Structures are given as C-alpha cells and as structure tokens.
Number of protein chains: 2
Amino acid sequence: MKWAVISTWKMSTEGNAKAAELLADNVKAGDAIVEGVTLVEDNPAYSSVGYSGLPDKDGHVTLDGGYMDGDTLKVGAVGCLEGFRSPIRVARKLSENSFNNFLVGAGAEEYARLNGFEERDNMTPETFRRYLREKDKRAELKSYDGHDTVCFIGKDVYGSLCAAVSTSGLFMKEPGRVGDSPIAGAGFYADSQIGGAGVTGVGEDCIRGTVSFRVVNKMAQGRSPQQAADETMRELSERIENLRHMSIVVLNKAGEFGVATNCVFPFVYASDECEQKLYLATWENDATVIKEIRPEDTERD
Amino acid sequence: MKWAVISTWKMSTEGNAKAAELLADNVKAGDAIVEGVTLVEDNPAYSSVGYSGLPDKDGHVTLDGGYMDGDTLKVGAVGCLEGFRSPIRVARKLSENSFNNFLVGAGAEEYARLNGFEERDNMTPETFRRYLREKDKRAELKSYDGHDTVCFIGKDVYGSLCAAVSTSGLFMKEPGRVGDSPIAGAGFYADSQIGGAGVTGVGEDCIRGTVSFRVVNKMAQGRSPQQAADETMRELSERIENLRHMSIVVLNKAGEFGVATNCVFPFVYASDECEQKLYLATWENDATVIKEIRPEDTERD
C-alpha cells in the first residue's frame, strides 16, 4: 500500500478521514495523523480526549499525549498538561528537541505557553456535571469508567510510519497520574523499518506489559500485524493477573493492519487500496474477531 | 545462584553491599534493593541522585524514580518530584496501587505528603554553587553533564526479581523534564520468569530504544544476559543516529549478569557465589569488555 492509517474508537472516524485525505495528498505521516488526532481533541462530543476530557478527582482536566517519528525513533510527550488545546501538538513539537522530549505538569504548561500553543479550558459544562455526579457517588474507581485514548498510526507515501496518541486518562484519577499514553514502548511505538502500534485501555496494565514495543518487536521477528497483536494479547492475559481492558492497533510498514482486544472495540482503518471502514473487534476463543460494521451498530464511541 | 544484585556506577558500592547483606539474610528482592537505592539517594557525595541531586535550569532539584516487581509486573513510578527524601520509596509504594501507579509533579508531591513520606530539600550548598557556575556559563547542555542514574536489579532466594531506579535526571534540564528512569520498559524492567535490566545514560535515547524491555525480551528468546545487552547496544547504535551515552545492567533469573556500555562505565555485582566486586565496562570492537578494578582505578563515581 502507498499509504494507510488506523485509529482507535469510533470517535476517530472524522480524524481518520482527514488523515487519509492528507496521506492521499502525499502529506507526511506525522502531519497527517497529528491533524487527525487534533480533530478528536477538539470535538466536545468525545469525553476522554482533549476538549471535554474527563477530570481527575480534584476536577482538573489534565491531558497526556505522545508522538513518535518512526524514521528517527524520535519521541515527544507531555503528561498531566492542563489548560491547553492540543497535547498532541505540544508532544510533536517536543519530539524535535535533542533533549527534554518528555515534559510533565507545570513545566509542560510553561513550555506550551512559551512556545505559543493555544490555551483552552478543557472542562465543558457537561463534563463538569458528570464530574459532580461521580464525586457525589464517591464511588470506587471502576476499571473502564472512561479512558478511551485516541491512537493514530499512519504510513505515508514516502514509507515513513508515525504514531500519535492523546487522552485525558482515567476518569477521577489521582492528581498527577500519568498513564501509558505519553510513554513510548507502552502506549505507542513506531519504527518505519518495521511497523507501529498504539494502545487504549487501562494505562497501568499497558505500562506493565510495554505493550506497543512488544507488538512491534514481534513484527520485527516476522509476525504479521494480526499475529503480533493476538500473540501479545495472549501473552499478557497469561502473564498479568486479571488483565484489565486493553485494545491494540497495529500497522506494519506495508500498511497492513492488525488489532487485538479483550473487550468490545471499534476502530477505523483506511488506505489507498481500501476506503475508510469502521470495524468492531472482539476477543473470542483466544483470538481477535474483526468484522465491518455501520456506525449505528455500536454505542461505543 | 541463590541471590544476586547488580547496580550502576561506583557510587552504588555501599548500597549494593547493603542489598547483598539483606539478600543473603533471605530478605525479599524488593526490600533489599530499595534499601540499596536509598543509601545512594541519601549520600550527598553523589550528585545525580536524591540528596544533592542536580537541579533543573530554574534551580529546582526534581527527582525521578521507578520500581518494578518481577513477579507481578507491577510498576510504581514518580516523575519530577521535588522536596522529598526518597523517590524510590514513593515509587515502590505506588506500585502497590491498582490504579494511579505513575504520578508526576505537584500530584506526586501531594501523594508523598499525604502518605507520610519524609520531606527534604535536596539542594545542598555545593550543588547550588555548581548550579550557579553552570548558569553563569549559560553553556549549551552537554550530553553527559550529570545523569548518573542508580539502577539496582536484584534476585532473591525466593526466585523473585525486582528493579529499582532513582535519579535527579539531566543537569540543567527543562522544568518538568522526565527521563527514562520512571518509565518501565525504558529505564528498567523486571520479569521474575526471565530477568531484569536497568539503564543509565541520556534518558531521551533510552526512551526511544525501549532499552530495558528490549534486553529482557532478548533473554526471553534464549540470549544470555551478556548477549542480550551487547545485541541491544549494537542494534541501537545502528538504528539511532548519534546514539549518546548509554549503559545497561542486566540480571537473568539464574542471577547471572550482563553489561553493555558505549562509555566508560563502572558497576557493582555481588551474589552468594561471588563476593561484591567493582567492574569497569568499556565498548571495544562491537562488544563490551569487562574487567575487575579497584575503587581507585576509576574517577567516575
């Protein structure tokens, strides 16, 4: 394939279409997928990424983002960034540095401010109401109460692969909590000579498994994207006690995709050989089952 | 071997001896190596870890630490933690959580305070003078101006492996900068069924290479610790343009060690079969050369 792009969750549909359009127009993978992720970040309908992201237990919407250039293996990342529009854009800019590629908290905010990134209060009235409801319940944190990370893996006509990830992390998380999304190797990895992977799910478990590098490394050893994803899911299900929700999207350097998941997981894929499609992945009998669906076939964003 | 412990840099000598003493006394690997790391953190003579750690460009001593339990793959980590005595102890405590295992900045500090961890201003008069000299020079950040991370990998008599890492990170780093030390897969990894690894060097490059998981994974495929370390160093030297300083310590589940480095690198190893020794590793003709030395044979802490 000349170009291809895969992205997590139904909410990535418009962003995926935008990235596909750019890739078809010979735009570089990094530029294309950052545009795609930004569309998800900007959409208040999606409550786990960027604008209207889910707050921590103190009511702060703090965002994580990570970017990797598969040509150079350069990484940029932000953790616990509050008050800015687009963590993925900040992460990408940081990937250009020689040092100081991963910034967190107040330092990341100072960097974003000094570098002219657009500020934005990412708390929306609806998110705030949801926060207050949850706070009133004082409920125990449940394992899937909102951590739908958006990951894009793109391959361009120049043969380059890139990964871009953005999330508000776990709903009602502890202040300062950082998940797997800004962590290269865990939340994302891309090597243009092999392939790329991105993960959504319980970040704590994704970190324990170094999931994305694990997948890419299996492709380096000759596995197809689907084999690499399924093997990784089996391996971690066996190795980590009570492994929680985890979904993996994979793209190899040929532009072929693979997906593994232990929950109901919609994702989006497009390439020059295959127009954009929405798929639903489920885990059945130790392997991932993937079928094409219509948007109305799933309630999961 | 019944037990074994490897640690980075000459500065880990006393801590390694303490960990060895505890391991010989049937103490668990996690407890033993956290004690070892704490001794390095507490010693003001070592200017890149804990007390007297090197500050960021604004003069704040912010610390990173990571801990991994190789039995459960549970990870705890702190990034950019200011004002506390022992990042490794906070990291270890966080590893017991079900969620929120990685905390950064103000959130990490709030957690440490609420959980009764000892507060400490880690800036010493000598470090402050060094900071002022550097600031006056307004020099370009050089690649090895102080980022001597202490990593311990320990194996106990119960067959468990753990990894523990602590550092103040790059001298004159950007505020909020987090390196590879709190990042499982990059700065450390431990799997009791295979082995463990830890890295010291330019954190940004260690992140790009997902170095520690890469090494452990090679052992899973049958390589010895030394083969795994050397192969990883060769692979990354080839793949990452102008790879900067990087030194890797490895221990397999049998307690055998391996080390690779692309610079002059002292390290310490002890086991029930071999009393504590200080070694010097160098990189010659595409492989690591290791020889036993006396403390006075190297000026590198």
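Residues numbered from 1 in each chain as written. Chains lettered and ligands numbered in written order. Predicted model: local features only at pLDDT ≥ 70, side-chain atom pairs only at ≥ 80, totals over all residues. Heavy atoms only, no water.

Assigned secondary structure in chain A consists of eight helices and 13 strands. In terms of overall size, chain A behaves like a compact globule, its C-alpha atoms giving a radius of gyration of 17 Å where 301 residues would be expected to give roughly 19 Å. In terms of overall dimensions, chain A has a C-alpha envelope of 50 × 45 × 35 Å along the principal axes. Looking at chain A as a whole, 63% of its 301 residues are labelled buried. Contacts spanning at least 24 positions in sequence make up 64% of the contacts within chain A whose residues lie at least 6 apart. Carbon and sulfur atoms provide 45% of the accessible area of chain A, an area that totals close to 10,700 Å². Between the averaged position of the 34 positive side-chain charges in chain A and that of its 47 negative side-chain charges there is a distance of 2 Å. (Helix = DSSP H or I, 4+ residues; strand = E, 2+ residues; numbered from the N terminus. Rg over C-alpha atoms; globule rule 2.2 N^0.38 Å. Buried < 20%, exposed > 50% of the residue type's maximum accessible area, 1.4 Å probe, protein only. Contact = heavy atoms within 4.5 Å. Areas by Shrake-Rupley, 256 points an atom, 1.4 Å probe, with all protein chains shown as cover. Lys, Arg positive; Asp, Glu negative; His and termini not counted. Charge placed at Lys NZ, Arg CZ, Asp CG, Glu CD.)

Of note, A:Asn242 is a non-glycine position whose phi angle comes to about 50°, a positive value. Even without being a glycine, B:Ser52 presents a positive backbone phi close to 70°. Position of B:Ser52 among the secondary structure elements: in the loop between α2 (29–42) and β2 (62–69). Classification of B:Ser52 as buried rests on a relative accessible area of 1%.

All right, on to the relation of the copies chain B and chain A then. In screw terms, the move from chain B to chain A is a rotation of 180° and a rise of 0.0 Å along the axis, fitting with an RMSD of 0.0 Å. Put plainly, the chains are arranged around a two-fold axis. Considering only C-alpha atoms, the residue of chain B closest to the rotation axis is B:Gly105, which sits at 2.9 Å. Here 100% of the contact residues of chain B are again contact residues in chain A; the copies associate through an equivalent surface. (Least-squares fit on C-alpha atoms with pLDDT ≥ 70 in both.)

Attention shifts here to the pairing of strand β6 (residues 161–167) of chain B. Remark: a regular strand shows side chains that alternate across the two faces of the sheet. All names here are of chain B. The element β6 is largely enclosed, with a buried count of seven among its seven residues. Both β2 and β6 contribute to a ladder of six bridges, which runs antiparallel. Directly across from Gly-66, in β6, lies its bridge partner Val-165. Pairing analysis gives six bridges linking strand β5 (residues 150–155) to β6, with the strands arranged antiparallel. Pairing of Cys-151 across the sheet is with Val-165, part of β6. (Pairing = 2+ DSSP bridges.)

Residue and element names in this part refer to chain B. As summarised here, the arrangement of the four strands in space is β7-β8-β9-β10, forming an open sheet in which the pairing is antiparallel. Because the sheet does not close on itself, it has two edges, and the strands there are β7 (188–191) and β10 (257–261). Taken over all neighbouring pairs, the strand axes of this sheet differ in orientation by 10° on average, direction set aside. (Axes fitted to C-alpha atoms, helices over the stretch in contact; angles between N-to-C directions.)

The next thing to look at is the side chain of B:Thr149. All names here are of chain B. Mapped onto the elements of the fold, Thr-149 is located in the loop between α5 (125–137) and β5. A distance of 3.2 Å separates a polar atom in the side chain of Thr-149 from a polar atom in the side chain of Thr-167. In contact with Thr-149, other than residues within four places in its own chain, are Thr-8, Trp-9, Met-11, Val-165, Ser-166, Thr-167, Ser-181, Val-199 and Thr-200. (Polar contact = N/O pair within 3.5 Å; in protein donor to acceptor, adjacent residues only side chain to side chain.)

With that settled, consider the interface of chain B and chain A. Each partner contributes to the interface: chain B provides 47 residues, whereas chain A provides 47 residues. Together chain B and chain A conceal approximately 3,700 Å² of surface at their shared face, both sides included; 57% is due to carbon and sulfur atoms. When the buried surface of chain B facing chain A is broken down by residue, B:Phe99, B:Arg208 and B:Arg239 rank first, second and third, together holding 21% of it. There are two salt bridges connecting chain B and chain A. The salt bridge involving A:Asp191 is made with B:Arg239; its shortest N-O contact spans 2.8 Å. Where chain B packs against chain A, one counts 27 residue pairs in polar contact (both at pLDDT 80 or more). Secondary-structure elements contributing two or more residues to the side of chain B that touches chain A are β3 (74–82), β4 (102–104), α4 (105–114), β7, α6 (203–209) and α7 (211–220) of chain B. Partitioning the side of chain B that touches chain A into residue classes produces 20 nonpolar, 15 polar and 12 charged. (Buried area = accessible area lost by both parts, 1.4 Å probe. Salt bridge = Lys/Arg side-chain N within 4 Å of Asp/Glu carboxyl O. Nonpolar A, V, L, I, M, F, W, Y, C, P; charged D, E, K, R; others polar.)

This paragraph deals with the packing of aromatic side chains. Throughout the structure, instances matching the rule amount to 17 aromatic pairs over all chains. For the ring pair A:Phe213 and B:Phe213, a centre distance of 5.9 Å and an interplane angle of 80° mean the geometry is edge-to-face. With A:Phe213 in helix α7 (residues 211–220) and B:Phe213 in helix α7, the pair connects residues from two separate chains. Side by side, A:Phe213 and B:Phe213 carry an identical accessibility label, which is buried. Residues B:Tyr189 and B:Phe213 carry aromatic rings whose centres are separated by 5.1 Å and whose planes lie at 90° to one another, so their mutual orientation is edge-to-face. On the criterion of sequence distance, the pair formed by B:Tyr189 in strand β7 and B:Phe213 in helix α7 is long-range, its members being 24 residues apart. Judged on exposure class, the residue B:Tyr189 and its partner B:Phe213 are both buried. Every member of this aromatic cluster is reached through a ring pair, and the members are A:Trp9, A:Phe257, A:Phe265, A:Phe267, A:Tyr269 and A:Tyr279. The cationic tip of B:Arg130 hangs over the ring face of B:Phe171; the distance from NZ or CZ to the ring centre is 5.2 Å. For B:Arg244, the ring lying beneath its charged end belongs to A:Phe99, and the centroid distance is 4.6 Å. (Phe/Tyr/Trp six-rings, centres within 6.5 Å; stacked < 30°, edge-to-face > 60°. Lys NZ or Arg CZ within 6 Å of the ring centre and 35° of its normal.)

Moving on, we come to the packing of α7(B) against helix α8 (residues 225–239) of chain B. All names here are of chain B. Where α7 meets α8, the closest approach of the two axes is 8 Å, and the angle between their N-to-C directions is 130°. As summarised for this structure, α7 and α8 are arranged oblique, according to the angle between their axes. Of the two possible hands of crossing, α7 and α8 adopt the one that is right-handed. Together, Val-211, Arg-214, Val-215, Lys-218 and Met-219 of α7 and Pro-225, Ala-228, Ala-229, Glu-231, Thr-232, Glu-235 and Leu-236 of α8 make up the contact between the two elements. For the contact of α7 with α8, the class distribution of residues is seven nonpolar, one polar and four charged. (Parallel < 35°, antiparallel > 145°, perpendicular 65-115°, else oblique. Left-handed = near helix turned anticlockwise from the far one by under 90°.)

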